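These are the residues of each chain, in order.
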Amino acid sequence: MRRASTLVIVLLAAGCRNPVAPPPPPPPPPRNTLPRATIVTSLPQRVEAGETLEVAANVEDAETALDQLLYTWLADELGGTFTNIAHPRQVRWASPRAMAPRAFAFTLRVTEAYVENGIPRTQQVSAVSSQLHYNDSPAEVMRIAMRFITELFPTFTVTPAQAVQDFSDTCPGKQDELRDVENNRKIVQILSGTYSNVSVALNAGRTRANVTGACVFRDIPNSGPNAGIKQRVEGTCRLEAIYEQWNWFLCSSSFTGTGPPTTESLRFRVPGFRE
């Protein structure tokens, strides 16, 4: 009986032991962090067609060497050509010839390729510059000057207000021209206008421009000895333009006759003739 009792005590003691816990799983590898990018160049607010700018960005990445990242420079939809200077984070941009005026910004896209849990992955971050204003000043001034001389002033069905739509409200020349067009519509039926050999001269600050060219107007007087007869008036048209709020506007006009004399007064028959 004593042996049986001892055996039971030993078995009970063995059954009270705690089981051994398995080791904890290793921690997951850290997630790959995004690159960080900032455009650091202090850029001008305005750039002209054909100019070049240097643009640089500061880029950091905790896991990938900077020369192993992919860099893509953009100038919104404006385009242009980017050329590396020292490395892809510092570039020279040559502006294109494009429709102006318009606003744009530089964007740098940084793409990182890496492997996570044996799976190739990519991630991207973008840096955007401050807004810039793009102008092609000679082309813009030429466009509004040609439109006034050949489309707005010499079209009888265009109202006086529509005819001076490209003039600046800050220039007294707008009201002068408006009165000229109002009187023009009363005394003649204007038929056409042409503008040739036109030149545009900008001041050094590109805030003012002078436009000069040969102009010819054809009209039909409403009264007088030549009423109902087609007439031709030719001379030199000079327009002044002004740059305001990132846009070009006309400011004033003048006319000097160079063709044969006419029996009708030139007053109100051509832009800017107020003698």
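The structure contained in this document is the topic of the report that follows. (Residues numbered from 1 in each chain as written. Predicted model: local features only at pLDDT ≥ 70, side-chain atom pairs only at ≥ 80, totals over all residues. Heavy atoms only, no water.)

## Focus: the overall build of the protein
Right, on to step 1. Each helix and strand in the protein was counted, giving 4 helices and 14 strands.
Right, on to step 2. Taken over the C-alpha trace, the protein has a radius of gyration of 38 Å; the compact-globule value for 275 residues is 19 Å, which it surpasses by more than 25%.
Right, on to step 3. Overall, the protein is about 155 × 40 × 30 Å in size when its C-alpha atoms are taken along their principal axes.
Right, on to step 4. Looking at the protein residue by residue over its 275 residues, the buried ones come to 40%. (Helix = DSSP H or I, 4+ residues; strand = E, 2+ residues; numbered from the N terminus. Rg over C-alpha atoms; globule rule 2.2 N^0.38 Å. Buried < 20%, exposed > 50% of the residue type's maximum accessible area, 1.4 Å probe, protein only.)

## Some thoughts on unusual backbone geometry
Note on backbone geometry: most residues besides glycine have negative phi, and most peptide bonds are trans.
Right, on to step 1. Residues alanine 100 and proline 101 are joined by a peptide bond in cis, for which omega reads 5°.
Right, on to step 2. Of note in this structure, arginine 206 is not a glycine but carries a positive phi near 55°.
Right, on to step 3. Note that arginine 206 resides in the loop between strand S11 (188-202) and strand S12 (208-221).
Right, on to step 4. Arginine 206 sits in the partly exposed class, given a relative accessible area of 25%.

## Concerning the side chain of glutamate 140
Right, on to step 1. Positionally, glutamate 140 belongs in helix H2 (residues 137-152).
Right, on to step 2. At 4.9 Å, arginine 143 is the nearest oppositely charged side chain to glutamate 140, a buried residue that forms no salt bridge.
Right, on to step 3. Separated by 3.0 Å, the side chains of glutamate 140 and asparagine 135 make a polar contact.
Right, on to step 4. For glutamate 140, the residues in contact, after removing those within four places along its chain, are Ala100, Pro101, Asn135 and Trp248. (Lys, Arg positive; Asp, Glu negative; His and termini not counted. Salt bridge = Lys/Arg side-chain N within 4 Å of Asp/Glu carboxyl O. Polar contact = N/O pair within 3.5 Å; in protein donor to acceptor, adjacent residues only side chain to side chain. Contact = heavy atoms within 4.5 Å.)

## Observations concerning the sheet that holds strand S1 (residues 36-39)
In a beta sheet, neighbouring strands pair by backbone hydrogen bonds and run either parallel or antiparallel.
Right, on to step 1. With antiparallel pairing, the 4 strands of this open sheet are ordered in space as S1-S3-S6-S5. Two strands bound the open sheet, and with one partner strand each, they are S1 and strand S5 (81-87). Sheet twist, expressed as the average angle between the axes of neighbouring strands with direction ignored, equals 25°.
Right, on to step 2. Strand direction decides the pairing type here: S1 and strand S3 (residues 52-60), joined by 4 bridges, are antiparallel. When the sheet's bridge partners are listed, isoleucine 39 is paired in S3 with alanine 57. (Pairing = 2+ DSSP bridges. Axes fitted to C-alpha atoms, helices over the stretch in contact; angles between N-to-C directions.)

## As for H2
In an α-helix there are 3.6 residues to a turn, and that puts residues three or four apart on one side.
Right, on to step 1. For H2, with 16 residues, the first-to-last C-alpha span of 21 Å sits near the 22 Å given by 1.5 Å per residue.
Right, on to step 2. Ser137, Glu140, Val141, Ile144, Ala145, Phe148, Ile149 and Leu152 are the residues of H2 that are buried. (Expected span 1.5 Å × (residues − 1).)

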